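Overview (structure and organization)
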2 protein chains.
Amino acid sequence: MNRAPGNPPGQEPRWLTAEEQHVWRSYIQASTLLEDHLDRQLQRDAGMPHVYYGLLVKLGESPRRRLRMTELARYAKITRSRLSHAVARLEKNGWVRREDCPSDKRGQFAVLTDEGYEVLARTAPGHVDAVRQAVFDRLTPEQQKSLGEIMRIVAEGLEPGGTGADLPWLR
Amino acid sequence: MNRAPGNPPGQEPRWLTAEEQHVWRSYIQASTLLEDHLDRQLQRDAGMPHVYYGLLVKLGESPRRRLRMTELARYAKITRSRLSHAVARLEKNGWVRREDCPSDKRGQFAVLTDEGYEVLARTAPGHVDAVRQAVFDRLTPEQQKSLGEIMRIVAEGLEPGGTGADLPWLR
DNA sequence: GACAGCTCCTTGAACGTTAAACAAAACCGG
DNA sequence: CCGGTTTTGTTTAACGTTCAAGGAGCTGTC
């Protein structure tokens, strides 16, 4: 509730144009609907929200099906705190197990269990289908490519570690 | 945890190609980072999450600064339950007020208060700035246009009321 | 080798979201 | 106008997320 940053008092903000507003609205609506849709789909078929599913996928792709907590959090773009809670829940389900890191006594590995792997194997096809139906089946190859480029740019701009500005001398 | 739908047992699912996977990953990462970023920005500057802010915006744009609960929920793409909770909170802040609907005794209007309007006026420039910096300043006009089209298509496909498939005879 | 500062991860409390169940009013068909 | 159905909005409890704080181990410096 402080002053909005980036707008020195007395300066007219650069509002979005009508076109930009439409784009932004479409983005918000689509991303909201899509995330909701996938959350419901996975909650129903796999018993977990989309983010949790993504964690299992990431673990499944990793060597020895394990990843340090911080690394997993970084991949999934979530906070370590959130990951801690999430892994606690997945552990209760028997889908993930924690293991101590031998080389760093602070460290923990999250390890995908066999049971976790099976949930993944059983539910992945349905999830891929959902993604296909909601996104890829509706877009031309050009649009798919374009979407990838656009989202990569946006992600890079927000990556922790990036400054958020193309102005290195400001940091 | 039931069988995944859309994949009759014994049929090989249509996995995503490598390109599709990259696109999807970029999308997930960007949308996660972006929503987090905006949530934090608004939590800090306006004392509410992004969704709540969107509700105030929508009310502010509406005639007499009011909207029926169901209509507001529909615009914001959230459930009525979620809206009930949200409005309860915004009401506590004094930013929204409820009013009975004269023509339908079940109905409620959510009304943006003067105080709510002021929060909006004070914080909108900062929010627009954040959106610009994260998205529009990084994309070419062609990419912006493309993003709009793509997201419109995805949103339409998920719109409650749409079947989610181009196969009307399946419903 | 000790101190300072940093990284890793967890915790608890406050907050937001979801799902299911519900009451009240409106609607609709006979 | 009666009875069933739908619509509207809320409620409760379980669950997920965030934020701030903190404990424990690592690391670099003098």
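Note that the structure is predicted; figures quoted are calculated from it, not measured. (Residues numbered from 1 in each chain as written. Chains lettered and ligands numbered in written order. Predicted model: local features only at pLDDT ≥ 70, side-chain atom pairs only at ≥ 80, totals over all residues. Heavy atoms only, no water.)

Focus on the UniProt feature "domain: HTH marR-type" (unreviewed entry) in chain A
Per the UniProt record, "domain: HTH marR-type" (unreviewed entry) is found at residues 20–156 of chain A. Within the segment residues 20–156 of chain A, helix and strand shares are 71% and 9% respectively, and the terminal C-alpha atoms sit 21 Å apart. (UniProt positions renumbered as here; feature names shortened; annotations may be inferred. Helix = DSSP H or I, 4+ residues; strand = E, 2+ residues; numbered from the N terminus.)

Topic: the protein's contact with DNA strand D
Lining the immediate surroundings of DNA strand D are 21 residues, of which R82 of chain A together with T70, S84, R98 and R106 of chain B lie closest. Of all atoms in DNA strand D that approach within 4 Å of the protein, 68% are sugar or phosphate atoms. Here a phosphate oxygen of DNA strand D and a side-chain polar atom of R82 of chain A are 2.5 Å apart. Interatomic distance of 3.0 Å between a side-chain N/O atom of R89 of chain A and a phosphate oxygen of DNA strand D. Where the surface near DNA strand D is concerned, the elements lending two or more residues are α4 (80–92) of chain A together with α3 (69–76) and α4 (80–92) of chain B. (Near = heavy atom within 4 Å. Polar contact = N/O pair within 3.5 Å; in protein donor to acceptor, adjacent residues only side chain to side chain.)

A few points about the protein's contact with DNA strand C
Taken together, 20 residues form the shell around DNA strand C, and within it T70, S84, R98 and R106 of chain A together with R82 of chain B come nearest. Restricting the count to atoms of DNA strand C within 4 Å of the protein gives a sugar and phosphate share of 67%. Separating a base oxygen of DNA strand C from a side-chain N or O atom of H85 of chain A is a distance of 2.8 Å. Residue assignment for the surface near DNA strand C shows that the elements contributing at least two residues are α3 (69–76) and α4 of chain A together with α4 of chain B. Tallied by class, the residues present in the surface near DNA strand C amount to two nonpolar, eight polar and 10 charged. (Nonpolar A, V, L, I, M, F, W, Y, C, P; charged D, E, K, R; others polar.)

Focus: the interface of chain A and chain B
Taken together, the contacts link 76 residues of chain A with 74 residues of chain B. Here chain A and chain B share six salt bridges between them. Of the charged contacts in the structure, one is a salt bridge between R25 of chain A and E61 of chain B, with a shortest N-O distance of 2.8 Å. Every element with two or more residues in the side of chain A that touches chain B is listed here: α1 (18–46), α2 (50–61), α3, α5 (114–134) and α6 (141–158) of chain A. (Contact = heavy atoms within 4.5 Å. Salt bridge = Lys/Arg side-chain N within 4 Å of Asp/Glu carboxyl O.)

Brief notes about the relation of the copies chain A and chain B
For the pair of chain copies, the relating transformation is a rotation about an axis with a translation along it. Superposing chain A onto chain B takes a rotation of 180° plus a shift of 0.0 Å along the axis, which leaves an RMSD of 0.0 Å. The symmetry that links the two subunits is that of a two-fold axis. When you check the interface residues of chain A against chain B, 97% turn up at the interface there too, and the contact is symmetric in its surfaces. (Least-squares fit on C-alpha atoms with pLDDT ≥ 70 in both.)

Focus on the pairing of strand β3 (residues 108–112) of chain A
All names here are of chain A. Taking burial as the measure, the five residues of β3 include four buried ones, the bulk of the element. When strand β1 (residues 66–68) meets β3, the two strands line up antiparallel, connected through three bridges. By the bridge assignment for β3, L67 is matched with A110. Here strand β2 (residues 96–100) pairs with β3 via five bridges, running antiparallel. Considered in β3, the bridge of D100 is made with Q108. (Buried < 20%, exposed > 50% of the residue type's maximum accessible area, 1.4 Å probe, protein only. Pairing = 2+ DSSP bridges.)

Quick look at the sheet that holds strand β1 (residues 66–68) of chain B
Within a sheet, neighbouring strands are paired by backbone hydrogen bonds and run either parallel or antiparallel to one another. All names here are of chain B. The strand order across the open sheet formed by three strands is β1-β3-β2, and the pairing between neighbours is antiparallel. Bordering the open sheet on either side are β1 and β2 (96–100), each of which pairs with just one other strand. Pairwise comparison of adjacent strand axes, ignoring direction, gives a mean angle of 30° for this sheet. (Axes fitted to C-alpha atoms, helices over the stretch in contact; angles between N-to-C directions.)

Focus: the confidence of the model for chain A
Averaged over every residue, the pLDDT of chain A is 90; residues scoring 70 or more account for 87%. Long-range and interchain partners of residues 163–171 of chain A, a stretch whose pLDDT sits below 50, account for six contacts in this model, where long-range means more than four residues apart. (pLDDT = per-residue confidence, 0-100.)

So, the nonpolar core
W24 and L34 of chain A together with W24 and L34 of chain B are the most contacted members of the largest nonpolar core, which has 42 residues in total. Of all the secondary-structure elements, those providing two or more residues to this core are α1, α5 and α6 of chain A together with α1 (18–46), α5 (114–134) and α6 (141–158) of chain B. If we skip the residues at most four places from it in the chain, L34 of chain A touches A134 and V135 of chain A together with W24, Y27, V154 and L158 of chain B. (Core = buried A, V, L, I, M, F, W, Y, C linked by side-chain atoms within 4.5 Å.)

A word on the packing of aromatic side chains
All names here are of chain A. As enumerated under the stated definition, the model contains two aromatic pairs over all chains in all. On the numbers, 5.4 Å between centres and 15° between planes, the contact of W24 with Y27 is stacked. One end of the pair, W24, and the other, Y27, are both in helix α1, three residues apart, so they sit about a helical turn from each other. On the basis of relative accessibility, which here comes to 5%, the residue Y27 falls in the buried class. (Phe/Tyr/Trp six-rings, centres within 6.5 Å; stacked < 30°, edge-to-face > 60°.)

Some remarks on the sheet that holds β3 of chain A
All names here are of chain A. Strand order in the open sheet made by the three strands is β1-β3-β2, with antiparallel pairing throughout. Only two strands of the sheet have a single neighbouring strand rather than two, namely β1 and β2. Neighbour-to-neighbour, the strand axes of the sheet open up by a mean angle of 30°, direction not taken into account. Along the sheet face, α3 touches β1, β2 and β3 and points at about 95° away from the line of β1.

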